[in-house]
Amino acid sequence: MDRVIRIGMLGCGTVGGGVATILAREADDITARTGAKLEITRVAVRDLARDRGLDLPASVFTSDPLEVVDGEDIDVVVEVMGGRAPASDLLRRALAQGKPVVTANKELVAHEGPELYDAARSAGVDLAYEAAVAGAIPIIKPMKESLAGDRVSRVVGILNGTTNYILTRMSEEGADYAEVLADAQALGYAEADPTADVGGHDAAAKCAILASLAFDTAVHADDVFTQGIETVNATDIRVADRLGYVIKLLGIASEVDGRVGVRVHPTFLPKEHPLASVRGSFNAIYVEAEAAGELMFYGRGAGAEPTGSAVVGDIIDVARNLLQTARGAAESQHRPKDLRSIDELRTQYYVLLDVEDQAGVLAEVARAFGDNGVSIAQVWQEGTRSSAQLVLITHRAREAALRATVDSLAAVDSIRSVASVLRVEAEVFSS
Ligand code: NAP
Ligand code: HSE
């Protein structure tokens, strides 16, 4: 008779519902592949009265998460409740009891990953978190296992579906930012409070996790330079298009001479780059490795079943390991590495200025750039006499110099505002 692996779930919302649906629908095949029956034995939720439309008996639900974590009849803990507290304490408690854990919680892994990896290592059990980065896309396992013998030099990702959906519709339909954000919320891509999406923090958490794995060092979400898409406007998108670029919110992590740089920001990306064709709510991760060369991973980064698919894949891995009393591939022992400040970045920049349309303005603008050692590659004027805009593209310059230039520009009376500053990644990515 097949052995039964008893699953305790912390949370049963969007992702938890997807997990329960897949486990029920694919039960026979999963048993054939695993050699065990996977059974949801207990589920902790906040609202016991809510009808979840799932084929689970009412008796499995509890409002006490400790009944899941401490239950002697639970073999695997699956955390799909989200947030740092109480999830952090619950997962540490499960690991300390020798229970393997599967989680989809990017916020938790991005802030406490290395500590949780150590807790799992000390307990000799698995901690799996494939769903924490880019939903359905297998990327944690490739980074941890398939590329373990290679040297990754750069990871560039479209890691947030909401912002990619917004930027795609703004680019392709000329749609208005606020209107498209409301659509993204109605479609369930954005969080109820979309600040983490549009502010780049969700992508930064995912990028920190990828950087830690790629470069064998501890990168926390707070280490990531983060700029969101809130101020990207129709002129930015039109200029990008005219120059042969699309604007994408990219997470970029690279290692140069043993130092790691991690940043998330809206970027002018050449239309020919494979990531430029990633539209709508899709995610993609482009990896450059010394031996493997260039790799791209593409798919749905969110949603009940896409994310549920990644969680179920992890549960199956963990179950197989339990049956063999083995442990899956773990993260490498983290080595401290210096992090590069964004000030050291050297790239091209696009700058949009709202200006008075009068004699001498261009000279004052040119002086601000020249005084800070930033060389201008292109400049032209747009708009009308009453609302004139200057568009500038620089040659490659240091971020610190560009920032000093912006400070100088802000002090010029005839410049009404510095409307946009965006990084331009030309043929090769900057480090
Ligand atoms: P969700 O729909 O809000 O579900 C959260 C679940 O956790 C709910 O069932 C809730 O109970 C339960 N819960 C929350 N706090 C609890 C507590 N203190 N005690 C007991 N139960 C508690 O969230 P979700 O979208 O499924 O996301 C879950 C996790 O997956 C998050 O870490 C998220 O970042 C990650 N993730 C989500 C997606 C996605 O597409 N949604 C994609 C990738 C990763 P009630 O139902 O009773 O309120
Ligand atoms: N709000 C997230 C996104 C969900 O838009 O990608 C998945 O993490």
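Residues numbered from 1 in each chain as written. Chains lettered and ligands numbered in written order. Predicted model: local features only at pLDDT ≥ 70, side-chain atom pairs only at ≥ 80, totals over all residues. Heavy atoms only, no water.

Peer 1: Can you help me understand the packing of aromatic side chains in this one?
Peer 2: Each aromatic ring pair is described using two quantities: the centre-to-centre distance and the angle formed by the ring planes. Tallying each qualifying case throughout the model produces five aromatic pairs. When the ring of tyrosine 165 is compared with that of tyrosine 189, the centres are 5.2 Å apart and the planes differ by 65 degrees; the resulting orientation is edge-to-face. Taken together, the residues tyrosine 165 in helix H7 (residues 161-173) and tyrosine 189 in the loop between helix H8 (177-186) and helix H9 (195-198) connect sequence positions 24 residues apart. The interplanar angle of 0 degrees and the centroid separation of 5.0 Å between the aromatic rings of phenylalanine 282 and tyrosine 298 together place this pair among those described as stacked. Residue phenylalanine 282 is found in strand S11 (residues 282-289), and its partner tyrosine 298 is found in strand S12 (residues 293-300); the two are separated by 16 residues along the sequence. Taken together, Tyr245, Phe268 and Tyr350 form an aromatic cluster joined through their ring pairs. (Phe/Tyr/Trp six-rings, centres within 6.5 Å; stacked < 30°, edge-to-face > 60°. Helix = DSSP H or I, 4+ residues; strand = E, 2+ residues; numbered from the N terminus.)

Peer 1: Looking at this model, I keep getting lost on the site of ligand 1. Mind explaining?
Peer 2: Contacts to ligand 1 come from 23 residues, most closely from Cys12, Asp47, Arg50, Arg52 and Gly303. Within the backbone of valine 15, one N or O atom sits 2.8 Å away from an oxygen atom of ligand 1. For ligand 1, an oxygen atom lies 2.7 Å from a polar atom in the backbone of glycine 303. Taking 910 Å² as the accessible area of ligand 1 by itself, protein coverage stands at 79%. Residues belonging to the shell around ligand 1 are distributed by class as follows: eleven nonpolar, seven polar and five charged. (Near = heavy atom within 4 Å. Polar contact = N/O pair within 3.5 Å; in protein donor to acceptor, adjacent residues only side chain to side chain. Areas by Shrake-Rupley, 256 points an atom, 1.4 Å probe, with all protein chains shown as cover. Nonpolar A, V, L, I, M, F, W, Y, C, P; charged D, E, K, R; others polar.)

Peer 1: Would you take a moment to explain the pattern of salt bridges for this structure?
Peer 2: In a structure, side chains of opposite charge can pair up when their charged atoms sit close to one another. Inspection of every chain in the model, using the stated rule, returns 27 salt bridges. Residue arginine 42 pairs with aspartate 73 through a salt bridge whose shortest N-O separation is 2.7 Å. Here the residue arginine 42 occupies a position in strand S2 (residues 36-44), and aspartate 73 occupies one in the loop between helix H3 (65-69) and strand S4 (76-79), the gap between them amounting to 31 residues. The class for arginine 42 is buried, based on a relative accessible area of 16%. Salt bridges sharing partners connect three or more residues here, namely Asp343, Glu399, Arg403 and Arg423. (Salt bridge = Lys/Arg side-chain N within 4 Å of Asp/Glu carboxyl O. Buried < 20%, exposed > 50% of the residue type's maximum accessible area, 1.4 Å probe, protein only.)

Peer 1: I would appreciate a short explanation of the pairing of S12 in the present structure.
Peer 2: Where S11 meets S12, eight bridges bridge the pair, whose relative direction is antiparallel. Of the residues in S12, the one forming a bridge with alanine 284 is tyrosine 298. Joining the antiparallel neighbours S11 and S12 is a turn of three residues. (Pairing = 2+ DSSP bridges.)

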